[in-house]
Amino acid sequence: MLIEDVLGKNGIIANKLDSYELRPQQLEMALAIEKSIEENKHLIVEAGTGVGKSMAYLVPFIFWTVKNKKKVVISTYTKTLQEQLIKKDLPFLRSALKSVHADTRKNDTPPEAEQGREEKFDFSFALCVGGQNYLCLRRFNQAQMHGVFDTRKEAGEFQKIIEWEGQTRSGLRSELDFEPSHAVWSKTCRESDLCFGKKCTFIDDCYYYKVRRKEYKAQILVTNHHLFFANLVNEGRVLPGFDAVVFDEAQTLEDVATSYFGIEISNSKVKFLLDSILNPKTGKGLITRLLKPSDKTVATIRNKLNEARQASDLFFSEVIEKYGTGSKTTRIREKCVINNYLNKPLFNLSGTLESLLDLVKTEEERLEIYAFVNRCRETNRNISTIINQDLEEYVYWTEIEKRTNQSGLLNHKHTSLRAGTHRQARCSLFAAPINIAEEFEKQIFGKIRPVILTSATLSVNGNFNYIKERLGIPAKHFKQDEYATNITNDGEFREKIIGSPFNFSENAIIYVPDNIPDPNQEPDEYKHNIIKHIKDIISHAQGRSFILFTSYEMLNAVYEKINADNNTFTLFRQGDKPRYQLIEEFKTGHKPVLFGTATFWQGVDVPGEALKCVIITKLPFAVPSDPIIEARMELLKAQNKNPFMDYQVPQAITLLRQGFGRLIRTATDTGIVAILDPRIKSKYYGRHFLNSLPDCKKVSDIKDIKNFLLQKQ
């Protein structure tokens, strides 16, 4: 069977779907992927909105996995896309391909041959999520027996989990109808270092291992980028072995990989670790579950914990004293500028915990002790690594965030710095790689084949130079021919740009008004001006608008101003409710307007009449003082490159294209993208932004918005 037999004009999908419309771009993408599989080469393929890229990569990989008994991972960034693959696309293809014999049988084909053909396309798939998303029956049972929760609120949450456990079949946290606190879920979920595996008495009923058995049998594994990189840093122990990978929403890979190759330590995490061993307020924890209170070892451990707590107070207070008591982010540019007060106390604590191995009687108890010994040692190693800056080509920084009191106001009450100012703030230390290109080339492109990178927004100005450099794909592997969309068969990589089937020139316009002040030179005038424009635009659009910001500060300022005068629109603000709830309420709201920042620029799908306008308040340049951004720019400058044009502009263009992509989600969608940043016209780099957007009519008169919407009613 050929790809065309499935995705072509008279193919299987066309026969299964009454509303099917032939998309040549989808077939073109599928054939490009098939060729890369056959040639065992990697592929970068940009597929414009509406191509149907998930079907385009699923079909050739289903053929390949079934025929060659291989396994492929489909990795996405958003949960929305994972659910589409698992609940819609893969079940549909499995059903359609299983029945292929009934649609394609020739008159002279014997029935027994048809049976073989049916079996050939019977593939399996599984969703892979992190083990901490599953309820652990052993720890759940332990929590019921020992009463490990500290407050009535926590006990109430646990009671809801008890009731849910009697009904759930998956044990997945996402099935809960409420969001459990970290304190509750962390004591009942699966933890890799507390898992008995096959030795566990609950193994036959274990939710996690039921899914793992399914994963090992499946040919298609659907996961997310975070779990993929968790698997990478844990040397392949998180996912079953696989032969190929498709990275959908690949524009996010650098940021996700950076976070997983990095380190984070905070005062709250250290406190949680120590309290898990023994909470001084409630007297609950690992120790009181394993030993009698009268045991002399309990007193010894209590003393070691007190020493560690005092050292933690001193350590994080010194960080705050050195780097500021307000909410701020600061680079740590020198080694050993902070005294490591925690080193000896954590070392002593882990040693004392290890001595308990001779006192406990069961394998379960020994496992728990080992887990906490290793957690103490890992915390100690990470602190030492950050202070000594042991990792080369890493950037180090601290983030200090003021806590809020019960009324939600910032708590400004200061105590002595040495006495515990850090309790009034969350204080975190970080280390992250400046450039993941080398690791990416070595760990992924060098070990897995083929690797497919796809998204609607991978190119900048018609080429892939930016993402290739960020992900460690040497330019020597590519040779562009005379056609911009058909590139290279040279080396280990192929690449292709496939346009959208949607008619943007007819269905959308770009509004860029004149005479808006520069946001950097006249910030107050700029804010006042865009508020007026936003009011006019949402009035013409009857709400039905996303307003995208690059900072919470600007979002809140504009929201408060518009909300104060509003009696017409239903306003939704990011942070007021969970993201998924905001989207669902927006879809059915009366004249809805949503105010959002980073997470709403991508991965949000509101097709149809509910969304008619996307307002982009400012070009989405990353904050140059962000430690990772700053360090990457320093590295590029040292390489005699232009950090602004080679990094900041392409990164912002990619995010702008994602924001634009929120508007047109189907062939019949129409609407306006308003860009309220004058720099897209006034600055020399502005043309790069405009050239990267779909070919739409560009207007600057607010009347054109009104006329366009009237025409499209």
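Residues numbered from 1 in each chain as written. Predicted model: local features only at pLDDT ≥ 70, side-chain atom pairs only at ≥ 80, totals over all residues. Heavy atoms only, no water.

## Here we look at the overall build of the chain
Using the following cut-off: Strands are runs of DSSP state E lasting at least 2 residues, helices are runs of H or I lasting at least 4, and numbering of each runs from the N terminus. We take the radius of gyration over the C-alpha atoms and set the globule estimate at 2.2 Å times the residue count to the 0.38 power. Three exposure classes are used, based on accessible area relative to the maximum for each residue type with a 1.4 Å probe and protein chains only: buried under 20%, partly exposed in between, and exposed over 50%. With residues, only the protein chains shown are counted as cover, and all accessible areas are computed by Shrake-Rupley using a 1.4 Å probe. A positive count includes Lys and Arg, and a negative count includes Asp and Glu. His and the chain ends are not counted in either. To locate a charge, take atom NZ for lysine, CZ for arginine, CG for aspartate or CD for glutamate.
Secondary structure summary: the chain contains 30 helices and 19 strands in total. The C-alpha atoms of the chain give a radius of gyration of 28 Å, which matches the 27 Å a tight globule of 713 residues would have. Summarising its shape, the C-alpha atoms of the chain cover approximately 80 × 75 × 55 Å along the three principal directions. Looking at the chain as a whole, 52% of its 713 residues qualify as buried. By element, 47% of the accessible surface of the chain is carried by carbon and sulfur atoms, the whole surface being about 33,900 Å². Positive and negative charge centroids in the chain, built from 99 and 90 side chains respectively, lie 3 Å apart.

## With respect to unusual backbone geometry
For residues other than glycine, phi is negative in most cases, and the peptide bonds are mostly trans. Cis geometry marks the peptide bond from Arg449 to Pro450, where omega comes out at 0°. In this fold, Pro450 is placed in the loop between α20 (437-445) and β10 (451-455). Despite not being glycine, Asn40 shows a phi value in the positive range, around 60°. Topologically, Asn40 is positioned in the loop between α3 (24-39) and β1 (42-47). Of note in this structure, Arg544 is not a glycine but carries a positive phi near 45°. By secondary structure assignment, the location of Arg544 is in the loop between α23 (523-540) and β14 (545-548).

## Remarks on the packing of helix α8 (residues 137-146) against helix α9 (residues 152-165)
Convention followed: With axes taken as lines fitted to C-alpha atoms, and helix axes fitted only over the stretch in contact, angles between N-to-C directions fall between 0 and 180 degrees. For classification, angles of less than 35 degrees are called roughly parallel, those exceeding 145 degrees roughly antiparallel, those between 65 and 115 degrees roughly perpendicular, and all remaining angles oblique. It is the rotation of the near helix from the far one that decides the hand of a crossing: anticlockwise by less than a right angle makes it left-handed, clockwise makes it right-handed. The criterion used for residue contact is that any of the two residues' heavy atoms lie within 4.5 Å. Note on residue classes: Ala, Val, Leu, Ile, Met, Phe, Trp, Tyr, Cys and Pro are nonpolar, Asp, Glu, Lys and Arg are charged, and everything else, Gly too, is polar.
Where α8 meets α9, the axes come as close as 12 Å, and the angle between the chain directions of the two elements is 130°. The angle between the axes of α8 and α9 places the two elements in the oblique class. For the pair α8 and α9, the crossing hand works out as left-handed. Across from Leu137, Phe140, Ala143 and Gln144 in α8, the residues of α9 making contact are Phe158, Ile161, Ile162 and Glu165. Among the residues forming the contact of α8 with α9, the class breakdown is 6 nonpolar, 1 polar and 1 charged.

## Here we look at helix α25 (residues 579-588)
The test is simple: Here the arc refers to the directions that run from the helix axis out to each C-beta atom.
By the burial criterion, the buried members of α25 are Leu582, Ile583 and Phe586. Mapping the buried residues of α25 onto a view down its axis gives an arc of 100°, with all of them on the same face. Structural note: α25 exposes Tyr580 and Thr588 on the side pointing more than 90 degrees away from its buried face. At its buried positions, α25 is contacted by β14, β15 (570-573) and β16 (592-596).

## Side note on the sheet that holds strand β9 (residues 425-433)
Two orientations exist for strands paired in a sheet by backbone hydrogen bonds: parallel and antiparallel. Rule in force here: The pairing criterion is simple: DSSP has to find at least two bridges between the two strands.
The strand order across the open sheet formed by 4 strands is β6-β9-β8-β7, and the pairing between neighbours is antiparallel. Looking along the sheet, the strands with just one partner apiece sit at the ends: β6 (263-266) and β7 (328-331). The sheet shows a mean angle of 20° between the axes of neighbouring strands, taken without regard to direction. Sheet topology note: the β7/strand β8 (residues 394-402) ladder contains 4 bridges and is antiparallel. By the bridge assignment for β8, Arg331 is matched with Trp397.

## Some words on the pairing of β14
In β14, alternate side chains face the same way, and those of Ser545 and Ile547 on one face and Phe546 and Leu548 on the other are all buried. Relative to β16, β14 is paired through 4 bridges, and the arrangement is parallel. Along β16, the bridge assignment pairs Phe546 with Leu594. Direction of pairing for β14 relative to strand β17 (residues 613-616): parallel, over a ladder of 4 bridges. Paired with Phe546 across the strands is Val614, a residue of β17.

## Let's talk about helix α30 (residues 702-711)
Because an α-helix packs 3.6 residues into every turn, residues spaced three or four apart end up facing the same way. Put simply, the rule reads: By the criterion applied in these results, polar contacts are pairs of N or O atoms within 3.5 Å in which, for protein atoms, one can donate a hydrogen and the other can accept it, and in which residues neighboring in sequence qualify only through two side-chain atoms.
The set of residues buried in α30 consists of Ile705, Phe708 and Leu709. Viewed end-on, α30 has its buried residues packed into an arc of 95°, placing them on one side of the element. Counted as exposed and oriented over 90 degrees from the buried face of α30: Lys703 and Gln711. Residues of α30 that are buried in the fold lie against α22 (504-507), β13 (508-511), α23 and β18 (671-675). Capping of α30 at its N-terminal end is provided by Asp701; its side-chain oxygen lies 2.9 Å from the backbone amide nitrogen of Lys703.

## Let's talk about the sheet that holds β18
Ordered in space as β15-β16-β14-β17-β18-β13-β19, the 7 strands form an open sheet in which the pairing is parallel. Each edge of the open sheet carries a strand with a single partner, namely β15 and β19 (697-699). Between one strand and the next, the sheet's axes are offset by a mean angle of 20°, whatever the strand orientation. Both β15 and β16 contribute to a ladder of 4 bridges, which runs parallel. Of the residues in β16, the one forming a bridge with Arg573 is Phe595.

## Considering the confidence of the model for the chain
The condition is simple: As a per-residue measure, pLDDT reflects the predictor's confidence and takes values from 0 up to 100.
Across the chain, the average pLDDT comes to 89, with 91% of residues at 70 or higher. Taken as a whole, residues 102-109 scores under 50 in pLDDT and shows 5 contacts with residues more than four places along the chain or in a different chain. Long-range and interchain partners of residues 479-489, a stretch whose pLDDT sits below 50, account for 18 contacts in this model, where long-range means more than four residues apart.

## Points about the nonpolar core
The test is simple: What makes a nonpolar core is a set of buried Ala, Val, Leu, Ile, Met, Phe, Trp, Tyr and Cys residues whose side-chain atoms join them at distances within 4.5 Å.
Counting 45 residues, the largest nonpolar core has Leu7, Met29, Phe61, Ile74, Phe123 and Ile220 as its most contacted members. It is helix α4 (residues 53-68) that provides the largest number of residues to this core, a total of 10 residues. Those residues in contact with Phe123, other than ones at most four positions away along the chain, are Ile62, Val66, Leu90, Leu93, Arg94, Leu97, Gln219 and Ile220.

## What to know about the pattern of salt bridges
Here is the rule we go by: Any Lys or Arg side-chain nitrogen found within 4 Å of a carboxyl oxygen on Asp or Glu counts as a salt bridge.
As enumerated under the stated definition, the model contains 42 salt bridges in all. Notably, a salt bridge pairs Glu28 with Lys496, separated by 3.4 Å at the nearest N-O pair. Of this pair, Glu28 sits in helix α3 while Lys496 is found in strand β12 (residues 493-498), placing the two residues 468 residues apart along the sequence. Residue class for Glu28 comes out partly exposed when judged on its relative accessible area of 31%. Given a relative accessible area of 10%, Lys496 falls into the buried group. Among the salt bridges present, the one from Arg331 reaches Glu634, with a minimum N-O distance of 3.3 Å. One end of the pair, Arg331, is in strand β7; the other, Glu634, is in helix α26 (residues 627-638), with 303 residues separating them in the sequence. Owing to a relative accessible area of 16%, Arg331 belongs among the buried residues under this scheme. The exposure class assigned to Glu634 is partly exposed, which follows from its relative accessible area of 35%. Through salt bridges with shared partners, a single ionic network connects Glu254, Asp255, Arg470 and Arg632.

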